[in-house]
Amino acid sequence: MKQIIWLAGLLALAAVGTGAFIWSGAYNIAADDPHWPLTESVIGTVRDSSIEARLSGIAAPNLDDESLIRAGAGNYDAMCAGCHLEPGEDHSELSTGLYPSPPNLVRDGIDDPAEAFWIIKHGIKMTGMPAWGKSMDDGSIWGMVALLRKLPGLSHDDYHELVEASGGHSHGTGEAHDHADDEHDEHDD
């Protein structure tokens, strides 16, 4: 019985200490202050295990399809390049200010198309990676995955040729959107 009381007291003390830590503001959540090593390790393990547990049943289409790659280029340029870069860049204003830093997909590419699809579709909490599946269909997301497989081998010029040939940014509704038109429209007002 003494052990149960001792254990209950220890758990209550741990709960009070944890609560005091949380509400004290001692942990700096600023994006320019890195996580403690243990925190980073735990978050990385949770992230990797969570994604891995959700990959079964994801089957990629033909990712060598040039029209899929081209369509992915327009969406990547509009929605991803600001953080994950484009050929010829080693950082951007956004990639420099985010913590954790977004992966440099131009340099590193992707290892697993199913994992890339899942991440693009569902996002990752507390990283700045949005869930594009809320606004894009699966075909458009697979287009970005197809582009990501080729991205590390593309030159700056090859990348921009693909973007120009893409027809612009599309969410899979059949309507492409060229952001160059936005600039023109703003100047007309």
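Residue indices begin from 1 for each chain and proceed along its sequence in written order. Given that this is a predicted model, residues contribute local features only at a pLDDT of at least 70 and side-chain atom pairs are listed and counted only at 80 or more, while totals for whole chains, interfaces and linings are drawn from all residues. With hydrogens and water excluded, all non-hydrogen atoms of the structure serve as input to the side-chain values.

1. Brief notes about the environment of Gly153
Thought 1: The helix and strand labels rest on DSSP assignments: H or I over at least four residues marks a helix, E over at least two residues marks a strand, and numbering proceeds from the N terminus. In this structure, Gly153 sits in the loop between α8 (138-150) and α9 (156-165).
Thought 2: Between the C-alpha atom of Gly153 and that of Arg107, which follows or precedes it by 46 residues, the distance is 8.7 Å.

2. Here's the deal with the side chain of Ser140
Thought 1: Structurally, Ser140 can be placed in helix α8.
Thought 2: We call two residues in contact whenever any of their non-hydrogen atoms come within 4.5 Å of each other. With sequence-adjacent residues up to four places away left out, Ser140 is seen in contact with Asn75, Ser170, His171 and Gly172.

3. Comments concerning the nonpolar core
Thought 1: Residues belong to one nonpolar core when they are buried, are Ala, Val, Leu, Ile, Met, Phe, Trp, Tyr or Cys, and are joined through side-chain atoms within 4.5 Å. Relative accessible area decides the class of each residue, using a 1.4 Å probe on protein chains only: under 20% of the type maximum gives buried, over 50% gives exposed, and in between gives partly exposed. Core analysis: the largest hydrophobic core is formed by 34 residues, its most contacted members being Tyr76, Ile120, Val145, Leu147, Leu151 and Tyr159.
Thought 2: Put simply, the parts of the chain that give this core at least two residues each are α3 (66-79), α6 (105-108), α7 (113-122), α8 and α9.
Thought 3: Among the elements that make up this core, the one with the highest residue count is α8 (7 residues).
Thought 4: Setting aside residues up to four positions removed in sequence, Ile120 forms contacts with Met129, Pro130, Ala131, Trp132, Gly133, Ile141, Met144, Val145 and Leu148.

4. Digging into a nonpolar patch on the surface
Thought 1: Patch definition: residues above 30% relative accessible area lacking any salt bridge, with like charges linked at up to 9 Å and the nonpolar side chains Val, Leu, Ile, Met, Phe, Trp and Tyr linked at up to 5 Å. Each accessible area value is a Shrake-Rupley result obtained with a 1.4 Å probe; residue values ignore everything except the protein chains displayed when judging cover. Take a side-chain nitrogen of Lys or Arg and a carboxyl oxygen of Asp or Glu: if they are within 4 Å of each other, that pair is a salt bridge. The grouping of Trp6, Leu7, Leu10 and Leu11 at the surface amounts to a nonpolar patch, some 450 Å² of accessible area in total.
Thought 2: Secondary-structure assignment places Leu11 in helix α1 (residues 2-24).

5. Examining α3
Since the α-helix turns once every 3.6 residues, residues separated by three or four places project in the same direction.
Thought 1: Look at α3: 20 Å from first C-alpha to last across 14 residues, which is about the 20 Å you get at 1.5 Å a residue.
Thought 2: What α3 keeps buried is the set Leu68, Ile69, Gly72, Ala73, Gly74, Asn75, Tyr76 and Met79.
Thought 3: Against α4 (81-84), α6, α8, α9 and β1 (169-170) lie the buried residues of α3. Each helix should span, by expectation, one fewer than its residue count multiplied by 1.5 Å.

6. Here's the deal with the environment of Ala114
Thought 1: By the secondary structure assignment, Ala114 is in helix α7.
Thought 2: Counting along the chain gives 63 residues from Ala114 to Ile51, while the straight-line C-alpha distance between them is 9.9 Å.
Thought 3: For Ala114, the residues in contact, after removing those within four places along its chain, are Leu55, Ile58 and Trp142.

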